[in-house]
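One-letter residues, chain by chain:
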Amino acid sequence: MKKDRFTSRREFLRKCAAGLAGAAFLPALARSRPLHETQSKDRKFLCRTLGRTGLRLPIVSMGATRAINLVHSALEEGIVHIDTSSIYENGNHERMLGEVFKTLSRDSFVIATSAAWENFVKDSDPPFDKIRKKFNPKILQEEIEGSLKRLGLDFIDIYYIANVYSREFALYEPYMKVCENFKKAGKTRFIGITVHRNEPEVIRAAVESKVWDVVLTAYNFRKTYYKELRAAVREAAAAGLGVVAMKTQAGVYWDKARTKKINMKAALKWVLQDENVHTAVPAFANYEEMMEDLSVMEDLTLTLEEKQDLKLGEELGFSGLYCQHCGSCRGQCRDDIDIPTLMRCYMYLFGYLEPKKARETLRSWTSADISCKNCQRCEVQCSLGFDVKSRALDIARILEVPKEFLG
Ligand code: SF4
Ligand code: SF4
């Protein structure tokens, strides 16, 4: 894979425009140079081409970063590609980005957002039949129009169907048709799917579809099946799909008490060493984290210390906060609890310190108490060694806190 190094945002944008010239929908790029060029920073950008989209992007992009000042800083530091979703903060994350975009020229950033089926299927873990029954092209139309309005844009760069979890789902024709129509109508330049679980199967289905342009996949050093995932990513890149990685930092902390932070730089390097990953979308909690992530572009080699850091959890006996969604706990609970979602809420609460998000996710799944409270014995075996019952009890407490206290 060819790599470029640029010394400034200005230079990046100039060269990027040349790289984009072959893409199908580019009147904006020919139109003007960005109005909003900020002071050039002395930074090197390692870029890769996002498959057949032709977009040349720095390998570090930005995920759901919440503070508006941090988004401005990221753009000033040279980040170009931002990822969001209609589901983040009930659309408020898109609204916040819309405020930022008012100050920018349209050709100075690349925005990806997604339609989340959770918005219209009130179930955290539905069988695909349920999604299919609820599906209605009008809903998807409303989803994209809502995103465009909140972002204050005429078009999106990459529009994803979020949280696709099976081959059948990835190849579901009505979804593909509606998304292709969005492209034809100029509402989005490229279309794709996002995947948090069962990634190898879904990524291979995206290749098979010949419709999706980009896959946004969970990918990190905590995935026990990373070799298979890596092989699927290789096939996707070879077939011309753009590959974007998320959840690269695997829950941020090793432990609930947040005494041991995952070496984020090492975790990001680990993913980006795979050249078939074209860019990653870590979320930054603050300026220091952003600068740390950007610094990986200087050198992707993992030092001996960084390699050791990626094994720290195992050495200290921590199983981490990230549920890899391997599914091996499915069917083990006598009450049919949705354990992966419960574990995800646990990560939101203790890893991301986002109690509101944890509670909202929990409530989207159950309006009742969590039955683990009255369960005498938990026999669920997690592949990463989570103590499922104790985590369930910790997360159940959040339902006892009035939601106005959760910020
Ligand atoms: S403790 Fe919870 S997850 Fe474990 S078996 Fe009981 S109800 Fe299921
Ligand atoms: S077995 Fe563990 S890691 Fe796998 S999905 Fe269940 S809780 Fe998550």
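The structure displayed is predicted, hence computed values, not measured ones.

> Before we move on, can you summarise the overall build of the protein with the specific residues and values?
On a plain count of helices and strands, the protein comes out with 17 helices and 10 strands. Sorting the 407 residues of the protein into buried and exposed places 43% on the buried side. Relative to all contacts within the protein whose residues are 6 or more apart in sequence, the contacts with residues 24 or more apart total 75%.

> Provide a residue-level description of the site of ligand 2, including the pertinent values.
Near ligand 2, the surroundings consist of 14 residues, among which Cys323, Cys326, Cys329, Pro340 and Cys382 are the closest. Broken down by class, the residue content of the shell around ligand 2 amounts to nine nonpolar, five polar and no charged.

> Let's hear about the site of ligand 1: which residues, and what values?
If you check the shell around ligand 1, you find 13 residues, and the closest are Cys333, Cys372, Cys375, Cys378 and Lys389. Per element, the largest residue contribution to the shell around ligand 1 is three residues, and it comes from helix H17 (residues 388-396). Each residue belonging to the shell around ligand 1 can be placed in one class, and the counts come to nine nonpolar, one polar and three charged.

> Explain the sheet that holds strand E6 (residues 156-161) to me, using residue names and the numbers behind them.
Sheets are built from strands paired through backbone hydrogen bonds, the pairs being either parallel or antiparallel. Overall, parallel pairing links the seven strands, which are arranged E4-E5-E6-E7-E8-E9-E10 in an open sheet. Only two strands of the sheet have a single partner each, and these edge strands are strand E4 (81-83) and strand E10 (279-280). With five bridges joining them, E6 and strand E7 (residues 188-195) adopt parallel strand pairing. Pairing of isoleucine 158 across the sheet is with phenylalanine 190, part of E7.

> Give a description of the nonpolar core that names residues and reports values.
Ile193, Ala206 and Val215 are the most contacted members of the largest nonpolar core, which totals 111 residues. Ranked by the residues each element gives to this core, the list is headed by helix H15 (residues 339-351), at nine residues. Each of two domains, domain 1 (4-309) and domain 2 (339-406), supplies a minimum of three residues to this core. Sequence-distant contacts of isoleucine 193, defined by excluding residues within four places in its chain, comprise Tyr160, Ile161, Val164, Ala170, Val202, Ala206, Trp212 and Val215.

> Tell me what's going on with helix H8 (residues 173-184), and back it up with residues and numbers.
For H8, with 12 residues, the first-to-last C-alpha span of 16 Å sits near the 16 Å given by 1.5 Å per residue. Of the residues making up H8, those classed as buried are Tyr175, Val178, Cys179 and Phe182. Taken end-on, H8 shows its buried residues confined to a sector of 95°, consistent with a single buried face. Exposed and facing more than 90 degrees away from the buried side of H8 are Glu173 and Lys184. A positive backbone phi angle near 75° is found at glycine 186, which sits one or two residues after H8.

> Could you give me a rundown of the packing of H15 against H17, with the residues and numbers involved?
Helix-helix packing is described using two parameters, namely the angle between the two axes and the distance between the axes. Closest axis-to-axis distance for the H15/H17 pair is 10 Å, and the angle between their directions is 60°. The angle between the axes of H15 and H17 places the two elements in the oblique class. Relative to H17, the crossing made by H15 is left-handed. Contacts from Ile339, Leu342, Met343, Cys345, Tyr346 and Leu349 of H15 reach H17 at Val388, Arg391, Ala392, Asp394 and Ile395. Split by residue class, the contact of H15 with H17 holds nine nonpolar, no polar and two charged.

> Explain unusual backbone geometry residue by residue, including any values.
Despite not being glycine, asparagine 90 has its phi angle at roughly 50°, a positive value. Here asparagine 90 shows up in the loop between E4 and helix H4 (92-101). For asparagine 90, a count of 11 C-beta atoms within 10 Å corresponds to the exposed category. One non-glycine residue, alanine 250, lies in positive phi territory at about 50°. Here alanine 250 shows up in the loop between strand E9 (242-246) and helix H11 (264-272). Since 27 C-beta atoms lie within 10 Å of it, alanine 250 is described here as buried.

> Tell me what's going on with the pairing of E6, and back it up with residues and numbers.
With respect to burial, E6 is a largely interior element, six of its six residues being buried. Relative to E6, strand E5 (residues 110-115) is paired through four bridges, and the arrangement is parallel. Among the inter-strand pairings, serine 114 is bridged to a residue of E6, identified as tyrosine 160.

> Residue-level account of the confidence of the model for the protein, with values.
Interpretation of the predicted coordinates at a detailed level should be avoided for regions scoring low in pLDDT. In the predicted model, the protein carries a mean pLDDT of 84, and the fraction of residues at 70 or more is 85%. When the criterion is pLDDT under 50, residues 1-8 qualifies, and its contacts beyond four places in sequence or with other chains add up to 21 contacts. This stretch, residues 13-40, has a pLDDT under 50; its non-local contacts, to residues over four places away or in other chains, come to 42 contacts.

> Describe the environment of alanine 115, with residues and values.
With respect to the element layout, alanine 115 can be found in strand E5. On the neighbour-count criterion, alanine 115 (27 C-beta atoms within 10 Å) is buried. In this structure, the C-alpha to C-alpha distance between alanine 115 and glutamate 142, residues 27 residues apart in sequence, is 9.6 Å. Look past the residues within four positions of alanine 115 in its chain and what remains in contact with it is Ser86, Leu140, Glu143, Ile144, Ile161 and Ala162.

The rules behind these values
Residues numbered from 1 in each chain as written. Chains lettered and ligands numbered in written order. Predicted model: local features only at pLDDT ≥ 70, side-chain atom pairs only at ≥ 80, totals over all residues. Helix = DSSP H or I, 4+ residues; strand = E, 2+ residues; numbered from the N terminus. Buried ≥ 20, exposed ≤ 12 C-beta atoms within 10 Å, placed from the backbone. Contact = placed C-beta atoms within 7 Å. Near = placed C-beta within 6 Å. Nonpolar A, V, L, I, M, F, W, Y, C, P; charged D, E, K, R; others polar. Pairing = 2+ DSSP bridges. Core = buried A, V, L, I, M, F, W, Y, C linked by C-beta atoms within 7 Å. Domains from an automatic or database assignment. Expected span 1.5 Å × (residues − 1). Arc of directions from axis to C-beta. Axes fitted to C-alpha atoms, helices over the stretch in contact; angles between N-to-C directions. Parallel < 35°, antiparallel > 145°, perpendicular 65-115°, else oblique. Left-handed = near helix turned anticlockwise from the far one by under 90°. pLDDT = per-residue confidence, 0-100.

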